[in-house]
Amino acid sequence: TVALQSHLNERPGARPGTGSMGNSSGVCSTEPREAPAAAQPTLHRPQGQSAAEPSGSTAEYALNFSRENETNSIERREWAGRHSVESVDSTHEGEAISMSGVSLQLLRLLRARAEELRSSGGPPRAHRTWENPPSRRMAGEALTTEDVSLEIIKPATAPMGCSYAHLLAGAHAHLAPMGDRRDVGRANVFVSHAWAYKFADLVGAIESAAAELIAAGRPGGKEGGRKARRASGSGRPALNNESEIFWWCDLLINSQHKTFDRPYAWWSNTFYTAVQQIGRTVVVLCPWDAPVPLQRAWCLFELHAAVATGQSLHVHMPPCEREAFERALVDDFSSIAAALSAVDLAKSEAARSTDRDNIFAAVRSEVGFHELNIEVTSAFRQWLLAAGTSALLRAEAEDELELGPVKQPLALRNQLAVLCREHGDWPEAERLFAEELEACEAAAHGNESDADWLIALNNLAAILVRRGRYDEAEPLLSKALSCREHANGPSAVDTLVSCGNLASLLRYKGELVRAERLATRVYRGRVQELGDEHVQTAIAACDLSLCKLDRADFSESIRLARLALKGARAAVGVRNLSCLNIQLSLALILASSPGESTLDEAERLAADVLAAYEQQSGREHADTLLASATRGLARVGRDGLLAAEARRAGMGEMRSALEALSAPPHELPRNHWSVRRIQSALESAERADGLHPRGRLGE
């Protein structure tokens, strides 16, 4: 953010110290936990087949089906009307769009059948016209969704060329290899996924989504009960159990015999109409750190349809990906921020360039890529927080059962607290850091050189500083610095972390001479230890540049901030949060400098950071609000009649930011360094324009 940068405890093998604003990462090894084995479902079998018999090939069922008479349309329509199911799918009667969905039980049966087929190789993927010769699945390879279509769905539905849902809903449902009429209903969840996924992973993610939707439908859940939902005007009833959920999954709802023949206009209409009417979209992302759907233009169109029509968007991942994320939460925390910053749907691809062009045109005209990136990243971020919280609760329960209430899941709690802090949930971050400190104090038994206790002390102080509670934070930071100097020496990495945090706190409180002296000590120590092009050296240079700004040494402040930004970009890249924080600090310095020569650059830098923060952290995050205020600061510095509109826009941005920062969940006090600076600049701008000064924040 503008004011305070992170300081990373970089001891090999230690948990990362999370400095004052904490966009930090570090290495911490923990032993991964094994997930329990999944229960095996029971297959439905055609009438007359015993449980001991093999389920038979899909080709055999297709042959039996072809010998039957045509479906009785009257019977089918009557049954569909009773069960609110579209009686025909998109391959019949004028290419109407099917609004049917399938049960989770059917998806489980298909997963079991796919596992049976795994031991033998698959047929050639003849639909892959771009392959010569076409590839095939090797024996032992797990079936992807594409393979399930080719090896199970298409053979079963070949005689009529219909979808699998249409086959089950008809009079000859008993001839389908698995499932029955009860497995088809009116769709109420749209599934966006990539066909390259292993089918078992897709079903696992849908099982996770079902559990969340059911939990949300309980009293007090996100969707409340039916009465509450209907009273709210959404018209979307809550889902109380698995039997009420029917999934619009293209594999089973669309005919797999015409999938590759339809033009873009048909598909776009199908996706858009289906998502709008269904009302909920579950996005299956895998792998968690580089999700395939975010690279595919058709998945992009599905996400666009959900956002453009105002539908709820839910992110889910297979159990194996949740386990991988939980490992990264402790062992490779930087990969989480990297995954969020890498979301750029404008880079998605399609097999046909014309499809990609059409999809991109639709997104640009209705939502825009930036808005879509924000929505998708927000859903992604909520999943990350939920998965991290779940992992912590499970680890705490397991460790307390085995070892008693000691500090075993410290690394996980620390990183989850950092995740909460970076995503704007400061109260939750403070609660977790306070719990961490309490556990470490109990385990340290009064040993003031205990490394875990000192890290916990620093972490809690850092979040208190971020929330503007300087008087509470100062004794904690002073204690941490004193203990680290005594235990490790004045130049140790840990000591410089505490020294930098205390320097920032003193600057916020207006003790500029002491603050600059400590910041200079940290910067020189970082250069000596790490060199000029290390992210921690860059952060130290930026902190020192802000000390120079507070002392009105503008030329030196700009020099140091430019040096810091150059080093951070070389070390971690332009979209790393630490680099963005430094860029915003440079924008603040340029906007605060005398004259107008630096205002254009300040506005450009702030606008760039604002767009990145909106996507990575959300529009309501305090860092995003401060970036908006900094852009406003650059605008209000312009003189002359031609700049009047820009000044008014800038003042509006600053007012909006101040109002949001004073309200929950931020509730920053009026003595907060950033708030004071924004308020002072706003009042000066209002006086210059002859407007009545607004009261200070909190008055």
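The coordinates are above.
Summary of the structure given here.

The rules behind each value
Counting restarts for each chain, with residues numbered from 1 along the sequence as it is written. Local features in this predicted model are restricted to residues of pLDDT 70 or higher, and side-chain atom pairs are both shown and tallied only at a pLDDT of 80 or more, whereas totals for entire chains, interfaces and linings draw on every residue. Excluding hydrogens and water, the side-chain values take into account all heavy atoms of the structure. The secondary structure listing takes helices from DSSP runs of H or I that are at least 4 residues long and strands from runs of E that are at least 2 residues long, numbered from the N terminus. Only heavy atoms enter the contact rule, under which two residues are in contact if any of them lie within 4.5 Å. A carboxyl oxygen of Asp or Glu within 4 Å of a side-chain nitrogen of Lys or Arg is what we treat as a salt bridge. Note on classification: 1.4 Å probe, protein chains only; a residue is buried when its accessible area is under 20% of the maximum for its type, exposed when over 50%, partly exposed between these limits. Nonpolar cores were defined as sets of buried Ala, Val, Leu, Ile, Met, Phe, Trp, Tyr and Cys residues, with membership established by side-chain atoms within 4.5 Å. Here an angle of 0 to 180 degrees is reported between the N-to-C directions of two axes, which are lines fitted to C-alpha atoms, with helices fitted over the stretch in contact. To sort the angles, those under 35 degrees are grouped as roughly parallel, those over 145 as roughly antiparallel, those from 65 to 115 as roughly perpendicular, and the leftovers as oblique. Handedness of a crossing follows from how the near helix is turned relative to the far one, being left-handed for an anticlockwise turn of less than a right angle and right-handed for a clockwise one. Gly is put with the polar residues, along with every residue not named as nonpolar or charged; the nonpolar set is Ala, Val, Leu, Ile, Met, Phe, Trp, Tyr, Cys and Pro, and the charged set is Asp, Glu, Lys and Arg. Pairing between two strands requires that DSSP report at least two bridges joining them. Here a crossover is taken to be right-handed if, once the strands point away from the viewer, the path from the first strand over the helix to the second is traced clockwise. Between N or O atoms, a polar contact is any pair within 3.5 Å; within protein, one atom must be a potential hydrogen donor and the other a potential acceptor, and residues adjacent in sequence are included only when both atoms are from side chains. By this rule, a helix spans an expected 1.5 Å times one less than how many residues it contains.

Relative to the helices and strands, Ser120 is located in the loop between helix 3 (104–117) and helix 4 (145–157). Along the backbone, Ser120 and Glu141 are 21 residues apart, and their C-alpha atoms lie at a distance of 8.6 Å. Excluding its chain neighbours within four sequence positions, the residues that come into contact with Ser120 are Arg137 and Ala139.

Okay, the side chain of Thr281 next. Topologically, Thr281 is positioned in strand 5 (residues 280–284). Beyond its immediate sequence surroundings of up to four residues, Thr281 is in contact with Phe190, Ser192, Val275, Ala306, Ser312, Leu313 and His314.

This brings us to the pattern of salt bridges. On inspection of all chains with the given rule, the structure shows 38 salt bridges. Residue Glu435 pairs with Arg413 through a salt bridge whose shortest N-O separation is 3.5 Å. Of this pair, Glu435 sits in helix 16 (residues 426–444) while Arg413 is found in helix 15 (residues 410–422), placing the two residues 22 residues apart along the sequence. Put simply, Arg514 and Glu511 hold a salt bridge, and the shortest N to O gap is 3.2 Å. Note on Glu511: relative accessible area 29%, which makes it partly exposed. Shared partners join several salt bridges into a network, and the residues in it are Asp600, Glu603, Arg631, Arg635, Arg638 and Glu653.

This paragraph deals with the environment of Val465. By secondary structure assignment, the location of Val465 is in helix 17 (residues 451–466). A residue is classified by how much of its surface remains accessible, and Val465, at 3% relative accessible area, is buried. Between the C-alpha atom of Val465 and that of Tyr508, which follows or precedes it by 43 residues, the distance is 9.0 Å.

Bringing the nonpolar core into the picture now. Soluble, globular proteins show a tendency: their nonpolar side chains are buried together. Counting residues in hydrophobic clusters, the biggest one holds 188 residues, and the most contacted among them are Leu107, Tyr164, Trp247, Leu252, Trp288 and Phe325. In terms of residue count, the dominant contributor to this core is helix 14 (residues 369–403) (twelve residues). For Leu252, the residues in contact, after removing those within four places along its chain, are Val102, Leu106, Leu107, Leu110, Ile153, Ser163, Tyr164 and Ala165.

On to the packing of helix 3 against helix 6 (residues 199–217). Where helix 3 contacts helix 6, the two axes come as close as 10 Å, and the packing angle between them is 155°. The pairing of helix 3 with helix 6 is recorded here as roughly antiparallel in orientation. Both helix 3 and helix 6 take part in a crossing whose hand is left-handed. Here Leu104, Leu107, Arg108, Leu110 and Arg111 of helix 3 lie close against helix 6, whose contacting residues are Phe199, Ala200, Val203, Gly204, Ile206, Glu207 and Ala210. Broken down by class, the residue content of the contact of helix 3 with helix 6 amounts to eight nonpolar, one polar and three charged.

Of all the five residues making up strand 5, five are buried; the element is thus mostly covered by neighbouring parts of the structure. Here strand 5 shows no split at all, with Arg280, Val282 and Val284 on one side and Thr281 and Val283 on the other all buried. Note that strand 3 (residues 189–192) and strand 5 share three bridges and pair parallel. In the sheet register, Val191 faces strand 5, and the bridge partner there is Val282. When strand 5 meets strand 6 (residues 312–316), the two strands line up parallel, connected through five bridges. Across the sheet, the residue bridging to Val282 is His314, located in strand 6. One crossover worth recording links strand 5 to the parallel strand 6 by way of helix 10 (residues 297–308), and it is right-handed.

Turning next to the side chain of His666. Relative to the assigned elements, His666 resides in the loop between helix 26 (644–662) and helix 27 (673–688). Within polar-contact distance, the side chain of His666 engages the backbone oxygen of Glu620 at 2.7 Å. Leaving out residues up to four positions away in the same chain, His666 has contacts with Arg467, Glu620, His621, Ala622, Leu625, Ala660 and Leu661.

This paragraph deals with helix 10. Taking 1.5 Å of rise per residue, the twelve residues of helix 10 would be expected to cover 16 Å, and the 16 Å separating its terminal C-alpha atoms lies within 8% of that figure. Counting buried residues in helix 10 gives nine out of twelve residues, a clear majority hidden from the surface. Of all the residues in helix 10, the buried ones are Ala297, Cys299, Leu300, Phe301, Glu302, Leu303, His304, Ala305 and Ala306. Looking one or two residues past helix 10, Gly310 carries a phi angle of roughly 75°, positive in sign.

Another point: the packing of helix 18 (residues 470–488) against helix 19 (residues 493–509). Angle between the axes and distance between the axes: these two values describe a pair of packed helices. Contact pair helix 18 / helix 19: the axes reach a minimum separation of 9 Å and the direction vectors enclose 150°. Put simply, helix 18 runs roughly antiparallel to helix 19. Once helix 18 is placed against helix 19, the crossing between them reads as left-handed. Contacts between helix 18 and helix 19 pair Tyr470, Asp471, Ala473, Glu474, Leu477, Ser478, Ala480, Leu481, Arg484, Glu485 and Asn488 from the former with Asp494, Thr495, Val497, Ser498, Cys499, Asn501, Leu502, Leu505, Leu506, Tyr508 and Lys509 from the latter.

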